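Structural characterization, general
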Amino acid sequence: MFTWRTTVSEVTSPRFRSVLDRFVAYKPGKVVVSPEGRSFKLSSNESPQGPLPSVLDAIVDAAANINRYPDNNATALTEAIAAHCGVPADHVAVGCGSVGVSQMLLEAVAEPGAEIVYAWRSFEAYPLLVALSGGTPVQVPLREETHDLAAMADAITDRTRLIFVCNPNNPTGTVVGRAEIEAFLDRVPEDCLVVLDEAYREYVRDDDVPDGLTLLAGRPNLAILRTFSKAYGLAGLRIGYLVGHPLVAGAIRKTFLPFSVNSVAQAAGIASLAATDELLARVEGTVKERDRVRGALIEDGWTVPPTEANFVWLRLGERTMEFSEACDAQGVSVRPFPGEGARVSIGSPEENDAFLAVARNFPHRN
């Protein structure tokens, strides 16, 4: 068996990009187990329910042909998404989850000197993807846990290439309404791309929050980002998509990693869209649980911002990791952001009750 006989200090390393010296890789939500053997994963905003039977049938059928490469253009899936969104197929680009599409976006627009604006705290993948793209991140602080779109517009310079707006925002669950978004879009230069990240759109019940697709007309520099990972319960298959002007969608498709949306994922996406009504009926259960969990937390003295996603946000500051450890001890995995707060996904009633029991016993009242 071959073994290395030199120490790390003796190795002359290949030359890697300097950004890797300060880069912290993405860390997925962990799984923990209590002493009693309980395990409730509420750290990754996953659906507590798996695919519908019709979608599972499509997955099984597609699996029989995995010896063949998938359709690299994802033609049938693209057409299904286009029909679902009410746009022509050339307005759609697909990728390996919305994170994959975000990376494709940055590969299309970012380069050294280009600025990428986003709120902070927002989706934790944004700074990682921007760093790898070679672009310059411009982080604009949240205001009362919500995007400060006026400040984000003020941050635009002649070097700004792309702006991410996560609505609902991950991890706070907060939203911005139509009037505020439209006023913001009116201030953005035409040569700057705005990406409205709507990964949690299906959970929105606030009538003031616009469907991003209704904002596209007359705005060729706006693109909408969505995913099958959350409400559709296909996180393990990695399918995301963008809807925008044909010039934008076409540019994004040029950066597509060949065959990165596999054939099983494509089949599952098509079947899921065909079962949208049935799937969204299940989402109502998650929405009701979200409201129940937030209501219970508030009743117990917690401050919880209104959320339109499938999670709640607890601003814990320096006690964040202490709270996370208390949850771990009871087999409840949450997503801590050290020094800031914890994001807790909405799971099944049993999972949510386990979390609420920990929260109720944690000393938190101001």
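The following refers to the structure shown. (Residues numbered from 1 in each chain as written. Predicted model: local features only at pLDDT ≥ 70, side-chain atom pairs only at ≥ 80, totals over all residues. Heavy atoms only, no water.)

Moving on, we get to the pattern of salt bridges. Should their charged atoms come close, side chains of opposite charge can pair. Under the counting rule described, the total for this entry stands at 21 salt bridges. One salt bridge connects Glu115 with Arg159, and the closest N-O pair in it is separated by 3.1 Å. One end of the pair, Glu115, is in strand β3 (residues 115-120); the other, Arg159, is in the loop between α5 (149-154) and β5 (160-166), and 44 residues separate them in sequence. The exposure class of Glu115 is buried, given its relative accessible area of 10%. One salt bridge in this structure joins Arg319 and Glu322, with 3.0 Å as the shortest N-O distance. Exposure remark for Glu322: the relative accessible area of 39% places this residue in the partly exposed category. Several salt bridges share partner residues, and in doing so they unite Glu115, Asp158 and Arg159 into one network. (Salt bridge = Lys/Arg side-chain N within 4 Å of Asp/Glu carboxyl O. Helix = DSSP H or I, 4+ residues; strand = E, 2+ residues; numbered from the N terminus. Buried < 20%, exposed > 50% of the residue type's maximum accessible area, 1.4 Å probe, protein only.)

Let's shift gears to the packing of aromatic side chains. Applying the stated criterion to the full structure yields 13 aromatic pairs. Summarising the aromatic geometry, the rings of Tyr200 and Phe311 are spaced 5.2 Å apart at their centres and angled 85 degrees between planes, so their arrangement reads as edge-to-face. Residue Tyr200 is found in the loop between β6 (193-197) and β7 (222-227), and its partner Phe311 is found in strand β9 (residues 311-315); the two are separated by 111 residues along the sequence. By the burial criterion, Tyr200 is buried, and Phe311 matches it. On the basis of an interplanar angle of 20 degrees and a centroid distance of 6.4 Å, the ring pair of Trp302 and Phe362 is categorised as stacked. Placement of Trp302 in the loop between α9 (276-299) and β9 and of Phe362 in the segment after α11 (349-361) is noted, with a sequence separation of 60 residues between them. In this structure Phe362 comes out as buried when scored by relative accessible area, which is 6%. Ring pairing ties together the aromatic residues Tyr118, Trp120, Phe123, Tyr126 and Phe164, which thus form one cluster. Over the face of the ring belonging to Phe311 we find Arg343, whose NZ or CZ atom lies 5.9 Å from the ring centre. (Phe/Tyr/Trp six-rings, centres within 6.5 Å; stacked < 30°, edge-to-face > 60°. Lys NZ or Arg CZ within 6 Å of the ring centre and 35° of its normal.)

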